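Descriptive structure summary
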Amino acid sequence: EAGVTQFPSHSVIEKGQTVTLRCDPISGHDNLYWYRRVMGKEIKFLLHFVKESKQDESGMPNNRFLAERTGGTYSTLKVQPAELEDSGVYFCASSHAGQFEAFFGQGTRLTVV
Amino acid sequence: AQSVTQLGSHVSVSEGALVLLRCNYSSSVPPYLFWYVQYPNQGLQLLLKYTTGATLVKGINGFEAEFKKSETSFHLTKPSAHMSDAAEYFCAVSDDSGNTGKLIFGQGTTLQVKP
């Protein structure tokens, strides 16, 4: 069984540009989560999808961040326009409905210069 | 609000020595508690979890953790460190607001194992 896959593994962009991160969850997992770790800080929750619906987006920093999960399969997280403080590692995780054990991807390291 | 505190951002032990990584949490309801590990250039991997039942939980790679409600702690231990245990370890608690599976993480502890 394939794990949670994230693309790209690394991205370096200039301030003001747009970046789109992708997450492919484990097949059959209804729950999909995005987290972010800014350097030196703890991993923080961004949002939670149940299938294609946003269950909780209380952790999204501001309206420059847009997450989608069309069809309830893969998810994208777009940052537009990117700012320097958006740099960090973005993790995606997925889990079965009703399960608390979440499986994490390897993360996307985003650097905004 | 819930929170997780990991004492010590860096812990160094000798190979064969006891590993003890400390985690304290705050939660208004009985928590679900987790330890994750991140090896270099890899994603987060679940080491072990506590949901209900036995308070001593055994995980992968010889690690275990004990839920102590009176101390609001969930410390991670391993009797004998191996070089391959060098990694970053994260303690997490499930958010109590609605059984969503959302996790609150500690700051992480980097474990160094010296030969």
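We now turn to the structure provided with this report. This is a predicted model, so every value here is computed, not measured.

Another aspect to go through is the state of the cysteines. According to the stated counting rule, one finds 2 disulfides over all chains in the structure shown. One disulfide bridge connects C23 of chain A with C92 of chain A, the sulfur atoms lying 1.8 Å from each other. Across the disulfide from C23 of chain A to C92 of chain A, rotation about the S-S bond amounts to roughly -65 degrees, and the bridge is consequently left-handed. Taken together, the positions of C23 of chain A in strand β3 (residues 19-24) and C92 of chain A in strand β9 (residues 88-95) put the pair 69 residues apart, joining distant regions of the chain. Like C92 of chain A, C23 of chain A is buried. In this model, C23 of chain B is linked to C91 of chain B through a disulfide, with the two sulfur atoms separated by 1.9 Å. Judged by the sign of its S-S torsion, about -65 degrees, the bond between C23 of chain B and C91 of chain B is left-handed. Taken together, the residues C23 of chain B in strand β3 (residues 19-26) and C91 of chain B in strand β9 (residues 87-94) connect sequence positions 68 residues apart. With respect to burial, C23 of chain B and C91 of chain B carry one shared label: buried.

Sheets are built from strands paired through backbone hydrogen bonds, the pairs being either parallel or antiparallel. All names here are of chain B. On the basis of which strands lie adjacent, the open sheet formed by 5 strands has the order β1-β3-β8-β7-β6 and antiparallel pairing. Bordering the open sheet on either side are β1 (3-7) and β6 (56-58), each of which pairs with just one other strand. This sheet shows a mean twist of 20 degrees between the axes of neighbouring strands, independent of strand direction. Here 5 bridges tie strand β7 (residues 64-68) to strand β8 (residues 73-78), and the two strands are oriented antiparallel to one another. By the bridge assignment for β8, E64 is matched with T77.

For the rest of this paragraph, the subject is the side chain of S87 of chain A. All names here are of chain A. Mapped onto the secondary structure, S87 falls in the loop between β8 (75-79) and β9. Within the structure, the side chain of S87 is placed 2.8 Å from the backbone nitrogen of V112, a separation counted as a polar contact. Residues within four places of S87 in sequence aside, it is in contact with V38, L110, T111 and V112.

Bringing the interface of chain A and chain B into the picture now. Contacts between the two partners involve 17 residues from chain A, matched on the other side by 20 residues from chain B. Taken together, the two surfaces of chain A and chain B that pack against each other cover about 1700 Å², and 61% of this comes from carbon and sulfur. Among the residues chain A hides against chain B, the three largest losses belong to I43, F100 and F104 of chain A. Together they make up 38% of the total. Put simply, chain A and chain B have 3 salt bridges between them. Residue E101 of chain A pairs with K49 of chain B through a salt bridge whose shortest N-O separation is 3.2 Å. At the junction of chain A and chain B, the tally comes to 5 residue pairs in polar contact (both at pLDDT 80 or more). Elements supplying a minimum of two residues to the side of chain A that touches chain B: β4 (31-37) and β5 (43-50) of chain A.

Cut-offs applied
Residues numbered from 1 in each chain as written. Chains lettered and ligands numbered in written order. Predicted model: local features only at pLDDT ≥ 70, side-chain atom pairs only at ≥ 80, totals over all residues. Heavy atoms only, no water. Disulfide = S-S within 2.5 Å. Helix = DSSP H or I, 4+ residues; strand = E, 2+ residues; numbered from the N terminus. Buried < 20%, exposed > 50% of the residue type's maximum accessible area, 1.4 Å probe, protein only. Pairing = 2+ DSSP bridges. Axes fitted to C-alpha atoms, helices over the stretch in contact; angles between N-to-C directions. Polar contact = N/O pair within 3.5 Å; in protein donor to acceptor, adjacent residues only side chain to side chain. Contact = heavy atoms within 4.5 Å. Buried area = accessible area lost by both parts, 1.4 Å probe. Salt bridge = Lys/Arg side-chain N within 4 Å of Asp/Glu carboxyl O.

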